[in-house]
Amino acid sequence: MSEVKTETVKVRHVMHYDIDSILSLHKRIGVKQSNIAYMISSGFGGPMDFSFIAEIDRKAVGVVIAHLMYLYIPITELCLINGIMVDPAYQRYHIGSKMVDELIKFCRIQNISVIRALAEDTNKELNEFIQFHGFKKSHIVNWDKNLEV
Ligand SMILES: CC(C)(COP(=O)(O)OP(=O)(O)OC[C@H]1O[C@@H](n2cnc3c(N)ncnc32)[C@H](O)[C@@H]1OP(=O)(O)O)[C@@H](O)C(=O)NCCC(=O)NCCS
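Given the structure is predicted, the values throughout are model-derived calculations rather than measurements.

Definitions and limits used
- Residues numbered from 1 in each chain as written.
- Predicted model: local features only at pLDDT ≥ 70, side-chain atom pairs only at ≥ 80, totals over all residues.
- Helix = DSSP H or I, 4+ residues; strand = E, 2+ residues; numbered from the N terminus.
- Buried ≥ 20, exposed ≤ 12 C-beta atoms within 10 Å, placed from the backbone.
- Near = placed C-beta within 6 Å.

Caption draft 1: Here's a closer look at unusual backbone geometry. A cis amide bond, omega 0°, links Ile73 with the succeeding residue Pro74. The phi torsion at His94 lies on the positive side, around 65°, for a residue other than glycine. Position of His94 relative to the elements: it lies in the loop between β4 (76-86) and α3 (95-109). Overall, His94 belongs to the partly exposed group, with 16 C-beta atoms counted inside 10 Å. With a phi angle near 65°, Asn111 is a residue other than glycine that sits in the positive phi range. The residue Asn111 is located in the loop between α3 and β5 (115-117) in this model. We classify Asn111 as exposed; it has 7 C-beta atoms within 10 Å.

Caption draft 2: Seen up close, the site of the ligand. Around the ligand sit 18 residues, and of these Gln91, Gly96, Ser97, Glu125 and Glu128 come closest. Elements supplying a minimum of two residues to the shell around the ligand: β4, α3 and α4 (124-132). At 5 residues, the largest contribution of residues to the shell around the ligand is made by α4.

Rendered as structure tokens:
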């Protein structure tokens, strides 16, 4: 693929009609099983939705799915990144960065002072990406209880 020029990448808020493009992008990432369809069906748009999509010539090449959340006691307002993905053919062209920059800008406008990202400790590329954007390890520890269902 020829070089991607960042100025050709358009980043905008995700709309409900982006669902098919996002599912197709998710397939291209190579994830076999996930609940993304269920998450998406809960709807984009509205004041709690902080998701952004990146397009080149109207083709979706990346998405950051993010929501405003109220968590913990005392209740803290923050923006949680549910997930971020860039089409494998377009990775390392700063498309993920362009989306995160827009998200940061939007949070500032909305007076949201914390953005939280989750990353598996084995996902080296994602951890490098998150640190590149100045995220620091949270003092909140994440605990999971796995249930047999
Ligand atoms: C993580 C991801 C979103 C990054 O998107 P991207 O557009 O390729 O990232 P960028 O080009 O904006 O990278 C910015 C910086 O992050 C770091 N980085 C990004 N990808 C990296 C990689 N594979 N290895 C090491 N560092 C990486 C680098 O510091 C990079 O800056 P540089 O290219 O100038 O060195 C993308 O790799 C991806 O979609 N991965 C698969 C899906 C996934 O694991 N999502 C997370 C689960 S929610």
